[in-house]
Amino acid sequence: GTARKNTRIVDVIVTFLDDSKTVYQVSQKALGKTLFYQVCDSLNLVEVDYFGLEYFDENSVQFWLDLEKPISKQLSLQNLCMNFAVKFYPPEPSTLEDELTRYLFTLQIRKDLADGSLLGSDKSTSILISTVITAFEMQCKHKFNLFFFTFSILFTFVGNLPTFFLALSSHT
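## Some thoughts on the pattern of salt bridges
Tallying each qualifying case throughout the model produces one salt bridge. Here Lys 33 and Glu 68 are joined by a salt bridge, their closest N and O atoms 3.6 Å apart. In this pair, Lys 33 is assigned in helix α1 (residues 32–43) and Glu 68 in the loop between β4 (62–64) and β5 (81–86), connecting sequence segments 35 residues apart. On the basis of relative accessible area, Glu 68 is assigned to the exposed category, the value being 52%.

Structure, rendered in structure tokens:
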């Protein structure tokens, strides 16, 4: 008889920067790049080099999915959850060509500011926040949504609002 390939398909849950989740099906023997490019294709993402899929081990240590290694060698098959995230920022943001890439960077910065993982001086944080708000404003069709987005960013820094406004006014 012929040897039958027994390739198990697994569901991987990917959480995106807007907190939406999508389930992707891949062979457990597939290389990381199979899943990564499936995710990027579903987003119609062109500038893929800046992004990656991150996961955490049982000790909450962060890892990036290695595109050249099988998924089963990196992830526990009991916990197939990953986050789509910015892996690195370009030295010059103006080199970003795709509107979607810029939008995803904005979401990542907003997320990092909100959870406290992006730290800096009050002035640099204020400039960064104003940049995020401006970028969101350009994409926002409804001023009502812009108000709530801006409010959510500022609410995150409620303890530093006087410093934020002082630094922001000196920046403009």
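## A few points about the pairing of strand β2 (residues 21–27)
Two elements, strand β1 (residues 9–15) and β2, share seven bridges in a ladder whose sense is antiparallel. Bridge pairing links Thr 15 to Lys 21 in β2.

## Regarding the sheet that holds β2
As summarised here, the arrangement of the five strands in space is β2-β1-β5-β3-β4, forming an open sheet in which the pairing is mixed. The open sheet has two edge strands, β2 and β4, and neither has a second partner. The sheet shows a mean angle of 35 degrees between the axes of neighbouring strands, taken without regard to direction. Each of β1, β2, β3 (51–56) and β5 is contacted by α1, which is oriented at about 140 degrees to β2, the strand it contacts most. Packing against the sheet, helix α2 (residues 99–115) makes contact with β3 and β5, and its axis sits at approximately 110 degrees to β5.

Each value, and the rule that gives it
Residues numbered from 1 in each chain as written. Predicted model: local features only at pLDDT ≥ 70, side-chain atom pairs only at ≥ 80, totals over all residues. Heavy atoms only, no water. Salt bridge = Lys/Arg side-chain N within 4 Å of Asp/Glu carboxyl O. Helix = DSSP H or I, 4+ residues; strand = E, 2+ residues; numbered from the N terminus. Buried < 20%, exposed > 50% of the residue type's maximum accessible area, 1.4 Å probe, protein only. Pairing = 2+ DSSP bridges. Axes fitted to C-alpha atoms, helices over the stretch in contact; angles between N-to-C directions. Contact = heavy atoms within 4.5 Å.

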